[in-house]
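Descriptive structure summary
One letter stands for each residue in the lines below.
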Amino acid sequence: MIETIGEELLARDGDGKLRVRIATVFPAGEAIVTLPGIHATQRIAYVDRLNDQRVKWGLEPLNEETQEDLWCTAVDLIVDDDAILIRPDPSQMDLAFAADELLQQLYSKKQIKFLYVLNPQVRQAIKQRGECWRINPLPRSPAEMSRMISASRIGIGGREIYYYNAVTGTRLLTCGEFCALGKMDDAELRNHLIEIRDYCVQTNRMRNPEIGFFMADAPAILSTLAAQDFAAMDGAKLRSVYDTLCHLFRTSVRTEFQTDDVEDPHWRSAMYAALIGQSEKSISEEVLLGLSAEFFMQVEWVPGGRLEDGELILDPVFEEEDIETCCVLGRSVCDMRARSLIFNFIREYGDLEHVNLGRVAPSLSHRHAYEGHRGVYLAEIQKRGASTPMLRIIRMQKRGVWELLDQGCDLLDAITESEEYTEQILDRRLACRQLGMNLPPHVTTRKLCERYTGTNAAYQGRSVWSTYFERDYIHGLATDKVPAGRFADDAFALAFARVLGRSAAPNLIVGRCDKAGQVIFDSGDELLIDGPGGLPVDIVVTDHTGTFMDYRRPLADLAAAYAQSTTRRSAHLSDDRAFGEVFLQAFAERFMQLQQDYQKRKRAFRTLFTHQNRGEASRFMEGWECTLDRLAAADCGELVERIRGGLG
């Protein structure tokens, strides 16, 4: 029987606010302490309770050594509006997981998250359990940052006047909150000043201060506080000393930090950085898996699984959610497609330790969205005995059986059309490679089975097979997300211009555009590959969506749009003219090389798809032949001049 000493962990008052903000769990004693105070006082309260019980039973109180041992078996909890956050000791992860299992007897696993994942021991232990989804996520927008700041308000023995850093355990006192204490009566003001004086010189078990002064010159305030005996002061003296402290606080912080204003971006950003720790911004997929910076806070981890003694153990949270709410089209914690993907990985790779799956946010590419399901997943697959995990990018086919059923097709037609569309995608991939586009070298087509719950009533509950494409993760940075500061280095800028110009040539040839006829290039799908010296050596196009969309307009009409890759970076270049000329030279060299390759092997190009005998293939053949005719007729010099004309 789990004992709660104090309020119930998620208890709320009449206004819906949490009554408990910090708690301490003792897994061995099956107890949770939620009494007001700090984690240290909760540990003391638990031991005091045990000693009281021992006295009642006629036993001696615990000696000092045993008490300290008990304190070391406790785990810190922070209660947030959306989660119970476990702050583990990196050297005792088994203790943190024991606390986790105890909490799961009372609360849903979906509510329990982990902090402190910057520590390699913590991070690795969570990854090995296939539970990256349980890492407490950071806010992704100003509105979410504001909510996080508001939710961090916490008290010790009085009002909630502090902002709590859940990772370090420090409570931040702002100038605005301190100066607002003057509205209290003498008794309440005295208690808060004593609390601030006593706790600002104490450190928690992580050796961080219990109370810190936000953006202030702390030593001046600390020395003045330490000299005061607030308990012995009369009301007039108390107010006089308090006014002196307010003056000290105000003069030690800049004007913009003297008042709390979560709507002010300067104050909000500074408080956000203070609450997470400046380095805590690194709690991203880049740190967890070595991904590119563009993935920062763009992966939503979902429940996965781990293997023990060769047996797959799916995360128990799958059992908590009904299959209807787990549906991929919903926003539940589980993702049934992710579960099916895990099954496929087990079938293919066999001897695995764990699999972590995450949904990638759609904002990584700036190109226009297409209809259909564009789900993208990131998989981290750890093979037993391997030193590093495998990383895979999974992209669902946008027009599959599910989507076609939603459009009113019958099941047979939906299956046939979906298969033909898959072949068309692979044909376009082959055609792009034939015309010089640098695509990921290895892409695999696979399927997963799911129960249809779409809009076509005739097929509700039927099993359908959805196609997806799996490729290796490519370590690089999208060209449109290269930090502007890097272009201040002329060597980098010119090397970038060279690889970008080379990549532009095949992109133009294959007529890569959106449905509105706008050129797609340098917009999120092109990954910049750096060499050993940090200079760009290549560009890989990770998604060939939009290729052969426009194969009728002359290339000269499309060429001018490619000037944007230079003009939008002009402000960051020391010599934008040189950048443009290098881009044009590389473009011309690559274009003429591809044009000559076609002239030399014309028959091989022309007959590449003639063996196909499908409706989709015949439609693609028209585009392929027009593309080749247009390539043969193009004047490279004219294309270069059209781009140069757009440079201004």
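Residues numbered from 1 in each chain as written. Predicted model: local features only at pLDDT ≥ 70, side-chain atom pairs only at ≥ 80, totals over all residues. Heavy atoms only, no water.

Focus on the overall build of the protein chain
- On a plain count of helices and strands, the protein chain comes out with 23 helices and 20 strands.
- When its C-alpha atoms are laid out on the principal axes, the protein chain stretches across 95 × 60 × 45 Å.
- Here the protein chain holds 648 residues, and the buried ones make up 53% of them. (Helix = DSSP H or I, 4+ residues; strand = E, 2+ residues; numbered from the N terminus. Buried < 20%, exposed > 50% of the residue type's maximum accessible area, 1.4 Å probe, protein only.)

Description of the packing of helix α1 (residues 39-56) against helix α2 (residues 64-72)
- Running from N to C, α1 and α2 point in directions that differ by 130 degrees, and their axes come no closer than 10 Å. The orientation of α1 relative to α2 falls into the category oblique. Note on packing geometry: the crossing formed by α1 with α2 is right-handed. Contact residues: R43, I44, Y46, V47, L50 and N51 in α1; Q67, L70 and W71 in α2. (Axes fitted to C-alpha atoms, helices over the stretch in contact; angles between N-to-C directions. Parallel < 35°, antiparallel > 145°, perpendicular 65-115°, else oblique. Left-handed = near helix turned anticlockwise from the far one by under 90°. Contact = heavy atoms within 4.5 Å.)

Description of a negative patch on the surface
- Together, E64, E65, E68 and D69 give the surface a local cluster of negative charge.
- With respect to the helices and strands, E68 occurs in helix α2.
- What makes E68 partly exposed here is its relative accessible area of 38%. (Patch = residues over 30% accessible without salt bridge, like charges linked within 9 Å, V, L, I, M, F, W, Y side chains within 5 Å. Areas by Shrake-Rupley, 256 points an atom, 1.4 Å probe, with all protein chains shown as cover. Salt bridge = Lys/Arg side-chain N within 4 Å of Asp/Glu carboxyl O. Lys, Arg positive; Asp, Glu negative; His and termini not counted. Charge placed at Lys NZ, Arg CZ, Asp CG, Glu CD.)

A word on the side chain of R590
- Tracing the backbone shows R590 in helix α20 (residues 576-600).
- There is no salt bridge for the buried R590, and the closest opposite charge comes from D597, which lies 5.3 Å off by N-O distance.
- Ignoring any residue separated from it by four or fewer positions in sequence, one finds R590 in contact with G436, R502, A505 and P506.

Points about the sheet that holds strand β7 (residues 153-154)
- One open sheet holds the 4 strands; their spatial order is β7-β8-β9-β10, and the pairing between them is mixed. Each edge of the sheet is formed by a strand with only one pairing partner; in this case those strands are β7 and β10 (211-213).
- Sheet topology places β7 next to strand β8 (residues 162-164); 2 bridges connect them, and they run antiparallel. The residue of β8 that forms the bridge with I154 is Y162. (Pairing = 2+ DSSP bridges.)

Some thoughts on the sheet that holds strand β6 (residues 112-114)
- Reading across the sheet, the 6 strands line up as β1-β3-β2-β4-β5-β6 and stay open at both edges, with mixed pairing between neighbours. Only two strands of the sheet have a single partner each, and these edge strands are β1 (3-5) and β6. Going across the sheet, the axis of each strand differs from the next one's by a mean of 25 degrees, ignoring polarity.
- Relative to β6, strand β5 (residues 84-87) runs parallel, the two sharing 3 bridges. Its bridge partner being in β6, I84 is matched across the sheet by I112.
- Of the strands in this sheet, β1, β2 (22-26), β3 (31-33), β4 (75-79) and β5 are in contact with α1, which crosses β2 at around 45 degrees.
- Packed on one face of the sheet, helix α3 (residues 93-104) meets β2, β3, β4, β5 and β6 and runs near 165 degrees to β6.

Considerations on the packing of aromatic side chains
- Counted according to the given criterion, the structure contains 23 aromatic pairs.
- By the ring-pair criterion, three or more aromatic residues cluster together here, those being Y163, F214, F257 and W267.
- The cationic tip of R134 hangs over the ring face of W133; the distance from NZ or CZ to the ring centre is 5.9 Å. (Phe/Tyr/Trp six-rings, centres within 6.5 Å; stacked < 30°, edge-to-face > 60°. Lys NZ or Arg CZ within 6 Å of the ring centre and 35° of its normal.)

Focus on the environment of A556
- Tracing the backbone through its elements, the reader meets A556 in helix α18 (residues 555-559).
- On a C-alpha basis, the gap between A556 and T388 in space is 47 Å, while along the polypeptide they are 168 residues apart.
- With sequence-adjacent residues up to four places away left out, A556 is seen in contact with E638, L639 and R642.

So, helix α9 (residues 235-251)
- With 17 residues, α9 extends 24 Å from end C-alpha to end C-alpha; this agrees with the ideal 24 Å at 1.5 Å per step.
- For α9, the complete set of buried residues consists of L238, V241, Y242, L245, C246 and F249. The arc enclosing the buried residues of α9, seen along the axis, measures out at 150 degrees, which places them on a common side. Residues A236, H247 and T251 are exposed on α9 and point more than 90 degrees away from its buried face.
- Buried-residue contacts for α9 involve β9 (171-173), α6 (175-180), α7 (186-199), β10 and α8 (218-226). (Expected span 1.5 Å × (residues − 1). Arc of directions from axis to C-beta.)

Some words on unusual backbone geometry
- With phi around 65 degrees, R207 is a residue other than glycine that occupies positive phi space.
- Residue placement: R207 occurs in the loop between α7 and β10.
- The exposed category is assigned to R207, whose relative accessible area is 75%.
- One non-glycine residue, F548, lies in positive phi territory at about 60 degrees.
- By secondary structure assignment, the location of F548 is in the loop between β20 (536-541) and α18.
- By relative accessible area, F548 is classed as buried at 7%.

Focus on the pattern of salt bridges
- Taken as a whole, this structure holds 41 salt bridges when the rule is applied.
- Between R159 and E188 there is a salt bridge, and its shortest N-O distance comes to 2.7 Å. Of this pair, R159 sits in the loop between β7 and β8 while E188 is found in helix α7, placing the two residues 29 residues apart along the sequence.
- In this structure, the salt-bridge partner of E419 is K447, at a minimum N-O distance of 3.0 Å. Taken together, the residues E419 in helix α16 (residues 411-434) and K447 in strand β16 (residues 443-451) connect sequence positions 28 residues apart.
- You can call K447 partly exposed: its relative accessible area is 33%.
- Among the charged side chains, a salt-bridge network with shared partners connects D100, K109, R129, E131, R134 and D315.

Read these as layout, nothing more, since geometry by itself doesn't imply function.
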